[in-house]
Amino acid sequence: YGSGLTDATTGNPATFYIQTKDSMGNNKTTDFELVDPADLLKVTVAGNDGNANAVYYADLEYEGDGLFKASYTPLRSGTFYVNIQMGGDVDSGLHIYCGLGEANKCSPFNLTVEPGPTVPAMSEIESPSGEAMDYLVEAVAGEYGYFYIQAKDAFGNNQNKGGDDFQVRFVHTGDPDIIYRGNVDDHGDGTYTVRYTIRQYGTYELHTTLATSATGTDEGLQQCAGASAPYIFDRFYEGADPYQTPAHCTNSNSNATLNLTVVHNDLYAPTTTTLDDGTDLVEAIVGETNYFKIHARDEFGNIRA
């Protein structure tokens, strides 16, 4: 019995208790203090997806009167089986019955391991792989761009719930007073879509941040320009090696903050202007060539360079 039989969180120790009994249901009072618990009980926490990398072995501590405390710390999120066996090894030991008989034995128990708190330095942003433009680094004035966020915990597990207050800002490199904000759509499953539109052409620094309770300050996410397989929602900690972000990702807390280049839109006559150096538009001399210049602009007044 105990919460660690059914629920756990990555990085946090989980515990439960095992009460040994005799064939009549009486608690064992045998002195097990001089017995290695591993000689009596085998407790393994294994992923039910068959992933051999996600297996944890619980530490057993004798509490007295036949009671054992089992502790383990999972690092990978997902669904698991808690196997409690007596005699033999993991492959041959008998699962405990809990007095329910072999047909209805209680072991293995179903366990759900939830991801820990979202960590900005592990979370990632990436553009859709199927679009012609990479909206992390290029956009057109007045048109919508979008990219994705995958929230992760400290071990690289993908979050499975929403609620993180991500902030997205685009700061003009030539005039820091020009700032655009992205609209963050929370899908409630640890994934987010950021949509934005910028009307003024130029180069912008992209800042995607999350304030965590651990520091109270905004921290930057991993920015992954040039998406490649496995794509953002398919990357996660698989249990064997520490999670590593792809080589094309950089942390926005460093000096490698991505720059977004916004180019002008299509030619738009109502906003296009003339350049008059004098009176060329209102005065002319018969027989002499006259001229003036036109500044081509888009719908938002951006010069079409």
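Scroll up to find the structure.
Calculation notes
Residues numbered from 1 in each chain as written. Predicted model: local features only at pLDDT ≥ 70, side-chain atom pairs only at ≥ 80, totals over all residues. Heavy atoms only, no water. Phe/Tyr/Trp six-rings, centres within 6.5 Å; stacked < 30°, edge-to-face > 60°. Buried < 20%, exposed > 50% of the residue type's maximum accessible area, 1.4 Å probe, protein only. Helix = DSSP H or I, 4+ residues; strand = E, 2+ residues; numbered from the N terminus. Contact = heavy atoms within 4.5 Å. Pairing = 2+ DSSP bridges. Disulfide = S-S within 2.5 Å. Axes fitted to C-alpha atoms, helices over the stretch in contact; angles between N-to-C directions. Salt bridge = Lys/Arg side-chain N within 4 Å of Asp/Glu carboxyl O.

Undergrad: Kindly report on the packing of aromatic side chains, identifying the contributing residues and their values.
TA: All told, the structure shown has 11 aromatic pairs when counted by the stated rule. Look at Tyr146 and Tyr148: their rings are 6.0 Å apart centre to centre, the planes differ by 70 degrees, and that puts the pair in the edge-to-face class. Among the residues examined, Tyr148 registers a relative accessible area of 21% and is labelled partly exposed. Counting every residue linked through ring pairs, the aromatic cluster contains Tyr135, Tyr146, Tyr148 and Phe233.

Undergrad: Residues and numbers for the environment of Pro120, please.
TA: Structurally, Pro120 can be placed in the loop between strand 9 (109–114) and strand 10 (124–126). When its relative accessible area of 1% is taken as the criterion, Pro120 is described as buried. A sequence separation of 78 residues divides Pro120 from Ile198, and the C-alpha atoms of the two residues are 25 Å apart. Beyond its immediate stretch of four places on either side in the chain, Pro120 contacts Leu210, Thr212, Glu219, Gly220, Leu221 and Gln222.

Undergrad: Any chance you could break down the pairing of strand 9 for me, citing the residues and the numbers?
TA: Where burial is concerned, the two faces of strand 9 differ: the one with Phe109, Leu111 and Val113 is buried and the one with Asn110, Thr112 and Glu114 is not. In the sheet, strand 1 (residues 7–9) pairs with strand 9 via 3 bridges, with the strands oriented parallel. Bridge pairing links Thr9 to Glu114 in strand 9. Here strand 7 (residues 78–86) pairs with strand 9 via 5 bridges, running antiparallel. For Tyr81, the partnering residue across the bridge sits in strand 9 and is Asn110.

Undergrad: Tell me about the state of the cysteines, and name the residues and values.
TA: Overall, the coordinates contain 2 disulfides when judged by the stated rule. In this model Cys98 forms its disulfide with Cys106; the gap between the sulfur atoms is 1.9 Å. Looking down the S-S bond of the Cys98 and Cys106 bridge, the torsion is 70 degrees, so its handedness is right-handed. Judged by its relative accessible area of 48%, Cys98 falls in the partly exposed class. At a sulfur-sulfur separation of 2.0 Å, the disulfide partner of Cys224 is Cys249.

Undergrad: Mind laying out the sheet that holds strand 16 (residues 191–197), listing which residues take part and the relevant values?
TA: Ordered in space as 15-16-12-10-19-20, the 6 strands form an open sheet in which the pairing is mixed. Only two strands of the sheet have a single neighbouring strand rather than two, namely strand 15 (183–186) and strand 20 (249–251). Sheet twist, expressed as the mean angle between neighbouring strand axes with direction ignored, is 25 degrees. Sheet topology places strand 19 (residues 222–224) next to strand 20; 3 bridges connect them, and they run antiparallel. Residue pairing across strands places Gln222 opposite Asn251, the latter belonging to strand 20.

Undergrad: Describe the environment of Asp49, with residues and values.
TA: As for its placement among the helices and strands, Asp49 is situated in the loop between strand 3 (41–47) and strand 4 (55–57). C-alpha of Asp49 to C-alpha of Asp189: the two residues are 140 residues apart in sequence and 20 Å apart in space.

Undergrad: Quick one: what's the story with the pairing of strand 5 (residues 59–64), residue by residue and with numbers?
TA: With 5 bridges connecting them, strand 5 and strand 6 (residues 67–72) associate as antiparallel partners. Counted as the bridge partner of Gly64 is Leu67 from strand 6. Once strand 5 ends, the chain turns through 2 residues before running back antiparallel as strand 6, passing Asp65 with a positive phi of about 55 degrees.

Undergrad: Which residues make up the sheet that holds strand 2 (residues 14–19), and what values go with them?
TA: Taken together, 3 strands build an open sheet; the order of strands is 2-6-5 and the sheet is antiparallel. The sheet is open, and its two borders are formed by strand 2 and strand 5, each paired with just one other strand. With direction set aside, neighbouring strand axes in the sheet form an average angle of 25 degrees. Pairing geometry for strand 2 and strand 6, over 6 bridges, is antiparallel. Its bridge partner being in strand 6, Phe16 is matched across the sheet by Ala70.

Undergrad: Could you give an account of the pattern of salt bridges, naming the residues involved and the relevant values?
TA: A complete count under the given rule lists 3 salt bridges for this structure. Glu126 is the salt-bridge partner of Arg235, the closest N and O atoms lying 3.1 Å from each other. In this pair, Arg235 is assigned in the loop between strand 19 and strand 20 and Glu126 in strand 10, connecting sequence segments 109 residues apart. According to the relative accessible area criterion, Arg235 is buried, its value standing at 4%. Residue Glu126 is classed as buried on the basis of its relative accessible area, which comes to 1%. Here Arg195 and Asp185 are joined by a salt bridge, their closest N and O atoms 2.8 Å apart. One end of the pair, Arg195, is in strand 16; the other, Asp185, is in strand 15, and 10 residues separate them in sequence. Taken together, the shared-partner salt bridges in this structure form one network comprising Glu124, Glu126 and Arg235.

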